[in-house]
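# Remarks on the overall topology
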Amino acid sequence: MTTTLTGTALPPSKHEFADIIHRLEAGGSMLPDTKENLMQIIGLYKAYAVPMDFYWRNLLYIAERVFLEPLPFFKYFLPTEYLELQNHYAGDNADLRIWRGTGSVHPELKAFMEKGETMKMPKIFHHLWHDRINMEFAEECMRAMLWHRGMGGQFDPYLDTDEYKANADKAIRAYFKFNPVMMGLYQLFPEMFLEQVRQMSYYSNLGLFWEVMAPVFFEMSDLYDEGKISTVPEAMNFLVNGIFAIAGRPIYHHVHIRGEVYELIPKSKGFTWLYEAAFPYVEAVFYRTSPFRGTKSYNAQAGQVPLEQKDFYFGILYADVFPVGTAGIPPTLLMQDMLHFLPTYLIEYYSQHCRGQDDMLIQLGISFQRSMYNVTSAVIQAGRSAFLYPLDDRNPEHLWANRHYFEGQLNRFSNPNYGMNKAARLEMIQNQEYR
Amino acid sequence: MTTIVDIAVNNAGFSTLVTAVTAANLVEALQSPGPFTVFAPNDAAFAKLPSGTITTLVQNIPQLARILTYHVVAGRYTKEDLIGVKSLTSLEGSRIDLNILNDDFEVNNATVIAPNIEADNGIIHVIDTVILMRPDWFLPIMDGNSI
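A brief look at the structure comes next. Quick caveat: nothing in here was measured; it's all calculated off a predicted structure.

### Describing the sheet that holds strand E6 (residues 110–119) of chain B
All names here are of chain B. Sheet architecture is open: 7 strands sit in the order E2-E1-E7-E6-E5-E4-E3, paired in mixed fashion. For this open sheet the edge positions go to strand E2 (72–74) and strand E3 (87–89), each flanked by a neighbour on one side alone. Here the average twist between neighbouring strands, direction ignored, is 30 degrees. Bridge analysis of E3 against strand E4 (residues 95–101) gives 3 bridges, and the strand direction is antiparallel.

### Some thoughts on the packing of helix H2 (residues 35–66) of chain A against helix H6 (residues 135–148) of chain A
Residues and elements named next belong to chain A. Running from N to C, H2 and H6 cross one another at 65 degrees; their axes reach a closest spacing of 10 Å. Note on packing geometry: the crossing formed by H2 with H6 is right-handed. Of the residues in H6, those touching H2 at Tyr55, Asn58 and Leu59 are Met135, Ala138 and Met142. When its residues are assigned to classes, the contact of H2 with H6 shows 5 nonpolar, 1 polar and no charged.

### Some remarks on the interface of chain B and chain A
At the junction of the two partners, chain B supplies 27 residues and chain A supplies 31 residues. Sorting the residues of the side of chain B that touches chain A by element identifies helix H5 (53–59), helix H6 (61–69) and helix H7 (138–142) of chain B as the ones contributing at least two each. Here the side of chain B that touches chain A is composed, by residue class, of 13 nonpolar, 11 polar and 3 charged.

### Details of the pairing of strand E1 (residues 36–41) of chain B
Residues and elements named next belong to chain B. Burial within E1 is extensive, with 6 of its 6 residues counted as buried. Pairing geometry for E1 and E2, over 3 bridges, is antiparallel. Across the sheet, the residue bridging to threonine 37 is valine 73, located in E2. Examined bridge by bridge, E1 and strand E7 (residues 122–127) share 6 bridges and lie parallel to one another. Its bridge partner being in E7, threonine 37 is matched across the sheet by isoleucine 123.

### Let's talk about unusual backbone geometry
For the bond from Gly34(B) to Pro35(B), the omega torsion is 0 degrees, close enough to zero to count as cis. For Pro35(B), the position within the fold is in the loop between helix H3 (27–31) and E1. At Tyr418(A), a position not held by glycine, the phi torsion is positive, near 60 degrees. Of note, Tyr418(A) is situated in the loop between helix H17 (396–411) and helix H18 (420–423). A positive phi angle, close to 55 degrees, is found at Asn102(B), a residue other than glycine. Considering the arrangement of structural elements, one finds Asn102(B) in the loop between E4 and strand E5 (104–107).

The rules behind each value
- Residues numbered from 1 in each chain as written.
- Chains lettered and ligands numbered in written order.
- Predicted model: local features only at pLDDT ≥ 70, side-chain atom pairs only at ≥ 80, totals over all residues.
- Pairing = 2+ DSSP bridges.
- Helix = DSSP H or I, 4+ residues; strand = E, 2+ residues; numbered from the N terminus.
- Axes fitted to C-alpha atoms, helices over the stretch in contact; angles between N-to-C directions.
- Left-handed = near helix turned anticlockwise from the far one by under 90°.
- Contact = placed C-beta atoms within 7 Å.
- Nonpolar A, V, L, I, M, F, W, Y, C, P; charged D, E, K, R; others polar.
- Buried ≥ 20, exposed ≤ 12 C-beta atoms within 10 Å, placed from the backbone.

Spelled out as structure tokens, the structure:
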């Protein structure tokens, strides 16, 4: 999709980020095309995909089996059935094989789950020592989608329909059939139970979303190792093609209760990966999420937390990685997970910059930010391809429409409200020395 | 009665559409009296979609049906009927944006390359691009407002 415009090219953009607009119009990414950027983003895609392989399996396990367990002490103890669950987009029996590798648990993940950072010991000790995959990060992403809601698509409004409430009621009654205490609580607080079910539906949504992303990232890493992805636009275009290929994947929520399947959200509703999972996820998690509780202070009077939730700007695209590298904050939990699966070429690279081994979490966090700007660029380009015009369209009006679109997208990073424009990292990632 | 389906089946260039409509169990609906206006992507339009897109959709009938019903509007509208009409609501429920200026007849980001093909149960306008529902964030972005 990388093309050079001739003849019908538009005059230069007057946008604050004109250079980036022109790069997007030429088929590029918000992230500059350098060998170093490519190495950073591919390394992080791979490092992210391994814990993501755990996240999607555990999210589905919680959504489908743990469900409304009031004291879910063991929800992170993923059963073998879910470790061996075949990814629909990897392995020999894939619906559409995106990754040439295995459909069951990634071997590096399996090895980490045995030993962690310490040694081989019973799972309960790994869990209590917190020497494990930080599933709390995945739950925080799910919570961001639940708290924001209204991020587009038909999945979210469906959660307020009578049909969904009837489905939920059936499942709640089945789940607590032999538990009079919980049934009594349900009679007293029906809305609370319904809201818990909605949360479970978002567990399912996110699990099904990431089931797709993991093989996409694994395949990108393999292609890079084979020399078949050699530029940032090529990496971005792989994502764009992946987004289209998987756009129609169904999004649903099925709960298993004592051997029976309860379809809270059936596949027949027609909900799709693109509209009901991917776009809402980008809106809720890449841009907004929520302020970090417990370790970072925000001055409400100074507007450090926006009045309107829709104006939140705490996602990766706005993250100041250094201060958020504090224990317990969700992004740091992810960074800790990714640290375990960095390719050797990145460990060597980080050892030679900044404080070497001592600040590897921060260095990789910033590489991760670059990689997510590239994913966002792919979403933007996929949107342009789906809803607007080819980059080499010969009709100037169509090219102007594309430009309005790119400028509108980048305006989100120029927004002066709350200092969003200062928080956005778009400008910083243009500089290779931002580490 | 020559239905919309008959026209698609008997004319070159619609084999992907016919396969998709059949897979989605929409043949009977498009043979019913209607009337319907169908914005029909030709084979070249489907070929523009990255590989794998159709594979995934054909494996998931409700999702495929949603994309296809987005191309259908209840009622019979010729190109001339639609001059000055800003949008129509598709059978899928989402809006289709229209733009007719002189000879140009555009439907979202697709161009109608052959309008007004009459059937007994409606009318077909052939388009060069598969159209997709525009998400809620699209209009504010095009207006330049941050959301």
